[in-house]
Amino acid sequence: MSSTANNNQDRSNLIPFSSRLREGRALALDVWTIYNALNLPPDCINLGQGYMNFAPPKWITEAAEQALNSVAPNHYSHPRGRIRLREAIKNFYDPLFNRSLNVDSEILITSGANEGMYSVLTAFLEQGDEVILFEPFFDQYLPSVTFNGGKPVYVPLHPPASHIKKPTSDDWTIDMDELRRAVTPRTKIIIVNTPHNPVGKVFTRKELQGIANIAEEFNLLVMSDEVYDSLVFDNKEHVRMANLPGMWDRTVTVGSAGKAFAATGWRIGWLIGPKNLIQPTLAATTRIVFCSVSPLQEAAAAGLEQANQRNFFQIQRNEYTERRTVLTDVFDKLGLRYTLPEGSYFILLDISNVEFPEDYPFPESVMGRGRDFRACWFMAMEIGVSSIPVSEFYCEEHANLGEAYARFAFCKDVDNLKAAAERFQKIKKYIK
Ligand SMILES: Cc1ncc(COP(=O)(O)O)c(C=O)c1O
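- If you check an unreviewed UniProt entry, the protein chain appears there as Aminotransferase class I/classII large domain-containing protein from Agaricus bisporus var. burnettii.
- Quoted verbatim from the Sequence similarities (unreviewed entry) field of UniProt, the annotation for the protein chain is "Belongs to the class-I pyridoxal-phosphate-dependent aminotransferase family."

This is the structure we're talking about:
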């Protein structure tokens, strides 16, 4: 073929990409891109994506520096993770799980919670196996399930009844019969997330027991995403699924140094569970990443080693409670309805009575999506505070349940939140 012929050919699809990218919304323009700071006015206050605008504690970053300045932690770790971190996890979590965790077979270090969960799905799903997700759900679950041949099955968390004027995250409820009806002979895994993103719900013992009963009855694996376990407020109890009677043997608990130590870019996470669940997952993670970032494993270890003696998590909880109050105070003063989160760092604001002109110059990316997509865009432009539309965390069929809400992340310093609160005064003229 002549070079001229070649030049006239459309070569953009020369190498077709895998059909698996067409599933699990992997190719869809995601909310993080649409509401990215680059697309918004430069002075817009970012309460959209859930990462902190402050650094990890100095005593932890110093441990990272120390690791970088020595030899071994600059090289491959064992795929299970560095022994110092596994031992730190054991010492920290033994009392919380009421058992002596085995560092060789019951703890696995992963490249963030995300990769850990992906590896569990790789290790346990057969083509066509069903995975139950509670909606709204952390968006990464979906492609992680479909890339591994799984089929997502959705069970909604029902929003607070409209007569509840000051709902808390506890007013978002699961219907156990709905859950039971979602189970089929192909169901393999239930993903539970407590404390929950984006609702802030801390599942009660009774709710978790209800889920556990179904997992027992139908022999299901439970992946319990507890990355916000250190961020539970108002003395609410964080119940661990693995601690419920009989559940240790079928539960993988997921943790994240990113959430615990304000270090989301470090990509250090961990899985805790019985040998029969951790060993196959080790085989998967070894082939996916081989091992996780070594120096930052050392730093995460320092974090867990010193957390109790420094009272770190209690102090951090107090700081987050103050951050939460900055936003809830302004919402209260403005008479806005929101869900008071009992855990994690998100507040859902009810935006059903925020009015905006339908002919507002919205970008293409938010058209044809839920009303919340347009409301969040409008608020970012006119109020100067960005948020994330909650219908994104539901499947298409149930998206209308999330449309009434915008998610605001309060993992930001108090000054930033106060500046956002100040800007919220402008919302008054758009409330009907
Ligand atoms: C519920 C939930 N699980 C997991 C993750 C991912 O954690 P990591 O950053 O450790 O991969 C997040 C991050 O936002 C999350 O909200």
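Back to the text.
**Points about the overall build of the protein chain**
Consideration 1: Counting secondary structure elements, the protein chain contains 15 helices and 13 strands.
Consideration 2: Projecting the C-alpha coordinates of the protein chain onto the three principal axes gives extents of approximately 70 × 60 × 50 Å.
Consideration 3: Counting the 432 residues in the protein chain, one finds 47% classified as buried.
Consideration 4: Within the protein chain, contacts between residues at least 6 apart in sequence are counted, and of these 74% link residues at least 24 apart.

**Thoughts on the domain arrangement of the protein chain**
Consideration 1: For the protein chain, the assigned domains are domain 1 (18–55 + 312–430) and domain 2 (60–307).
Consideration 2: Look at where the C-alpha atoms of domain 1 and domain 2 centre, and you get two points 24 Å apart.
Consideration 3: Taken together, the contact pairs 37 residues of domain 1 with 37 residues of domain 2.
Consideration 4: Per-element accounting of the side of domain 1 that touches domain 2 gives the leading share, seven residues, to helix α12 (residues 312–333).
Consideration 5: Per-class residue counts for the side of domain 1 that touches domain 2 are 18 nonpolar, nine polar and 10 charged.

**Description of unusual backbone geometry**
Consideration 1: The step from Glu-135 to Pro-136 runs through a cis peptide bond, and the omega angle for that step is -5 degrees.
Consideration 2: Mapped onto the secondary structure, Pro-136 falls in the loop between β3 (130–135) and α6 (141–147).
Consideration 3: That bond from Thr-194 to Pro-195 is cis: its omega, -10 degrees, falls within 30 degrees of zero.
Consideration 4: Here Pro-195 shows up in the loop between β5 (187–193) and α8 (205–217).

**Topic: the site of the ligand**
Consideration 1: Around the ligand, the structure places 13 residues, and the nearest of them are Gly-112, Ala-113, Asn-114, Asn-197 and Ser-256.
Consideration 2: The leading source of residues in the shell around the ligand is helix α5 (residues 112–124), at three residues.
Consideration 3: Its residues assigned to classes, the shell around the ligand shows three nonpolar, nine polar and one charged.

**What about the pairing of strand β8 (residues 269–272)?**
Consideration 1: Side chains Gly-269 and Leu-271 project from β8 onto one buried face, and the interleaved Trp-270 and Ile-272 project onto a second face that is buried too.
Consideration 2: Here strand β2 (residues 107–110) runs beside β8; their pairing, made up of four bridges, is antiparallel. The partner of Thr-110 across the bridge, within β8, is Gly-269.
Consideration 3: Here strand β7 (residues 251–256) runs beside β8; their pairing, made up of four bridges, is antiparallel. Directly across from Gly-255, in β8, lies its bridge partner Trp-270.

**Regarding α8**
Consideration 1: Its 13 residues place the ends of α8 18 Å apart at the C-alpha level, agreeing with the 18 Å of an ideal helix rising 1.5 Å per residue.
Consideration 2: Taken residue by residue, α8 has Leu-208, Ile-211, Ala-212 and Ala-215 as its buried positions. Down the axis of α8, the sector holding all buried residues measures 105 degrees, keeping them to one side. The outward face of α8, more than 90 degrees from its buried face, is lined by the exposed residues Lys-206 and Glu-217.
Consideration 3: Buried residues belonging to α8 abut α7 (176–182), β5 and β6 (221–225).
Consideration 4: Taken from the residues just after α8, Asn-219 is the one with a positive phi, measuring 55 degrees.

Criteria and cut-off values
- Residues numbered from 1 in each chain as written.
- Predicted model: local features only at pLDDT ≥ 70, side-chain atom pairs only at ≥ 80, totals over all residues.
- UniProt positions renumbered as here; feature names shortened; annotations may be inferred.
- Helix = DSSP H or I, 4+ residues; strand = E, 2+ residues; numbered from the N terminus.
- Buried ≥ 20, exposed ≤ 12 C-beta atoms within 10 Å, placed from the backbone.
- Contact = placed C-beta atoms within 7 Å.
- Domains from an automatic or database assignment.
- Nonpolar A, V, L, I, M, F, W, Y, C, P; charged D, E, K, R; others polar.
- Near = placed C-beta within 6 Å.
- Pairing = 2+ DSSP bridges.
- Expected span 1.5 Å × (residues − 1).
- Arc of directions from axis to C-beta.

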